[in-house]
Amino acid sequence: MVRLEGLVRLRGLDLPLLRRAAASVPGAVTDAWPVEVENLLRTAVSRLGGGDLQEAAERTLGLASGMRDRAAADRRRLAAQVYGLSVERFRKSQEEMVLGQIAEWVCWIAGTGNRDAARTDGMPAPHLQHRTLRLTRSGRPLTITLHIHPVELLRNVDVIVSPSNTHLGLPEMYKASVSASLRRAGAVRDAAGDVVEDPVHDDLAQWRGKHGVRHRPVLPGTVAPTGPGALARQGVRRIYHAVVAVPRPGTNDYEVTPQNVAAAAARALALMSEERDAHNPPLRSVCFPLLGAGRGGLTPENSVSALWTALVADFDRDRELHLVVRRPLVADLVTEVLGGRTDPGPPAGTDGGKGHGCG
C-alpha cells in the first residue's frame, strides 16, 4: 500500500501493523504516526547494506531525494533501472524481493524495540543479540552461541557455513538467501559503493575448476571452502559452501533432506579440522545457519535436529560452535528443540570478553 500510494498519502491509509511497529519503538509519537512510520521505513531501508538493493528500495517507496511525491509508476520505473530490467520483469521478480527485505527489517526493529543511535559513519548501528545455550549430552557439557540477526552481521567467527546446491551456483547479490547475503557482504566495493570485485563467487568458481566440476553437479554433502572476501574485515576467515539442496528438474524448487544437512554439516566440521592448523591462529569457531530451512523447505525444527546430529558426533572441546537465525521466534524454536538452559548474551556491541560474538 505504501509503495502504491506513496509517502504523501500515509495518513489516509489503513496501516495497522506498520503503525503498531512504529509505536513499539521507544520515543515514538503516536499522534504523528505517519512521521513515525516513515522514519521506521527509512531506518529499515538503511539496514539493507547499500548497493543496488538499498537504492532500489529507496526509489520504490519514494525515500530517495526528490522522489517523495512521485507517482507509483515513476518510482517503479526508476527502481527497475537500478537493476537494468524492464518494468514488467522488475515487478514480477526484484520488486517483491525488495519489499520483502524492507519488511524483514521492519519486523526486526519492531521486535527488538530499538531503532539504535547513529554510528560515527552515519549509518545506524545494528541491534544484535545472542543467547548462550548450555547443553549436556551423554554427560558432557556443550555450549552453543545462538546469534539472532542477519548472517552477514557476524563478527569474529572463523568459519561461516553457507548452504549451496549441487551445482555450487551462488545466487545474485540482490537475493535474500544466506548465500546471497554472504556473497554481497564479501564483495569489494569502491568509494561510491559499486562492486568492483566478487571474491566469494570467484573463489568458488576456481574451486569448481580445480576439482573438475565446473560443468557438472557434485554430490550432496560436498563442502567447498573459499575465502571471506570483504568479510575478513569482520574477523571472518573462511566460508564453507555446504551442498544440501538438489534442484528439481524443470522447476525453481529444491529438495533438501535432513540426511543431506547432517552429512554436509559433518563434512564442514571435518574440513575445519583438516584446515585448522594451516591458519594462524588456528581455526577455532564455526557458525551454521539453519541449512535447508529456506527455499529447501525444511522446518527450523528438522534443520536444527539434523545439525545437532553432526555437532554431537563431532564434539570437540576446543571448537566454538555458533548458530545464526534472523528472528527471535525461530531462536525460540531452536532453543526448545535443543532443550538447553538459555543464558542471555552480553549487551549488543560487546563480545563478553571471549573474542567472539555479535561485535
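Just above, that's the structure.
Residues numbered from 1 in each chain as written. Predicted model: local features only at pLDDT ≥ 70, side-chain atom pairs only at ≥ 80, totals over all residues. Heavy atoms only, no water.

### Considerations on the pattern of salt bridges
Reasoning step 1: Using the criterion set out here, one finds 17 salt bridges in the structure.
Reasoning step 2: Between Arg3 and Glu95 there is a salt bridge, with its nearest N and O atoms 4.0 Å apart. Separated by 92 residues along the polypeptide, Arg3 in helix α1 (residues 2-5) and Glu95 in helix α7 (residues 94-112) bring together distant segments of the chain.
Reasoning step 3: Residue Arg3 is classed as buried on the basis of its relative accessible area, which comes to 13%. (Salt bridge = Lys/Arg side-chain N within 4 Å of Asp/Glu carboxyl O. Helix = DSSP H or I, 4+ residues; strand = E, 2+ residues; numbered from the N terminus. Buried < 20%, exposed > 50% of the residue type's maximum accessible area, 1.4 Å probe, protein only.)

### Quick look at empty space enclosed by the protein
Reasoning step 1: Inspection of every chain in the model, using the stated rule, returns one cavity of 30 Å³ or more.
Reasoning step 2: Estimates place the volume of the largest cavity at around 50 Å³.
Reasoning step 3: Lining the largest cavity, in full, are Arg47, Leu48, Leu53, Gln101, Trp105, Glu152, Ala176, Ser181, Arg184 and Arg326.
Reasoning step 4: Within the residue set of the lining of the largest cavity, elements represented by two or more residues are α7 and α8 (178-186).
Reasoning step 5: For the lining of the largest cavity, the residue count by class is four nonpolar, two polar and four charged. (1 Å grid on protein atoms, 1.4 Å probe; cavity = no way out; pocket = protein on both sides within 12 Å on 5 of 7 lines; lining within 4 Å. Points joined across faces, edges and corners; volume = space filled by probe spheres on them. Nonpolar A, V, L, I, M, F, W, Y, C, P; charged D, E, K, R; others polar.)

### Digging into the layout of surface pockets
Reasoning step 1: Volume-wise, the largest pocket comes out at about 1300 Å³.
Reasoning step 2: Lining the largest pocket we find 43 residues, and of these Ala176, Ser177, Val178, Gly294 and Arg295 sit closest to its centre.
Reasoning step 3: Put simply, the parts of the chain that give the lining of the largest pocket at least two residues each are α7, β3 (159-165), α8, β7 (238-247) and β10 (320-325).
Reasoning step 4: In terms of residues, the lining of the largest pocket owes the most to one element, α7, which gives six residues.
Reasoning step 5: A breakdown of the residues in the lining of the largest pocket according to their chemical character gives 21 nonpolar, 14 polar and eight charged.

### Digging into the nonpolar core
Reasoning step 1: Core analysis: the biggest nonpolar cluster contains 76 residues, and Ile102, Ile144 and Phe288 have the highest contact counts within it.
Reasoning step 2: Broken down by element, the residue count for this core peaks at eight residues, all from helix α10 (residues 258-275).
Reasoning step 3: Excluding residues that lie within four positions of it along the chain, Phe288 makes contacts with Val161, Ala265, Ala268, Leu269, Leu307, Leu311, His322, Leu323 and Val324.
Reasoning step 4: Membership of the second largest hydrophobic core comes to 19 residues, among which are Leu154, Ile160, Leu182 and Ala224. (Core = buried A, V, L, I, M, F, W, Y, C linked by side-chain atoms within 4.5 Å. Contact = heavy atoms within 4.5 Å.)

### Focus: the side chain of His149
Reasoning step 1: Relative to the assigned elements, His149 resides in the loop between β2 (140-148) and β3.
Reasoning step 2: In this structure His149 comes out as buried when scored by relative accessible area, which is 0%.

### Section: the pairing of β2
Reasoning step 1: In the sheet, strand β1 (residues 129-137) pairs with β2 via nine bridges, with the strands oriented antiparallel. Counted as the bridge partner of Arg131 is Leu146 from β2.
Reasoning step 2: Where β2 meets β10, five bridges bridge the pair, whose relative direction is parallel. Bridge pairing links Leu146 to Leu323 in β10. (Pairing = 2+ DSSP bridges.)

### Some details on the packing of helix α3 (residues 33-46) against helix α4 (residues 51-61)
Reasoning step 1: Interhelical geometry of α3 versus α4 gives an angle of 160° and a closest axis separation of 9 Å. When the axes of α3 and α4 are compared, the pair comes out roughly antiparallel. Read as a crossing pair, α3 and α4 show a hand that is right-handed. Here Leu41, Val45 and Ser46 of α3 lie close against α4, whose contacting residues are Gln54, Ala57, Glu58 and Leu61.
Reasoning step 2: Its residues assigned to classes, the contact of α3 with α4 comprises four nonpolar, two polar and one charged. (Axes fitted to C-alpha atoms, helices over the stretch in contact; angles between N-to-C directions. Parallel < 35°, antiparallel > 145°, perpendicular 65-115°, else oblique. Left-handed = near helix turned anticlockwise from the far one by under 90°.)

### Thoughts on the environment of Arg238
Reasoning step 1: Note that Arg238 resides in strand β7.
Reasoning step 2: Accessibility expressed as a relative area gives 15% for Arg238, which makes it buried.
Reasoning step 3: Beyond its immediate chain neighbours, meaning those up to four positions away, Arg238 contacts Asp158, Val159, Ile160, Pro225, Thr226, Gly227, Pro228, Glu275, His279 and Leu283.
Reasoning step 4: A polar side-chain atom of Arg238 sits 2.8 Å from a polar atom in the side chain of Glu275. (Polar contact = N/O pair within 3.5 Å; in protein donor to acceptor, adjacent residues only side chain to side chain.)

### Describing the packing of α4 against helix α5 (residues 72-83)
Reasoning step 1: Relative to each other, α4 and α5 sit at 170°, their axes nearing to 7 Å. Relative to α5, α4 is oriented roughly antiparallel. Here Asp52, Leu53, Glu55, Ala56, Arg59, Thr60 and Leu61 of α4 lie close against α5, whose contacting residues are Arg75, Leu78, Ala79, Gln81, Val82 and Tyr83.
Reasoning step 2: For the contact of α4 with α5, the class distribution of residues is seven nonpolar, two polar and four charged.

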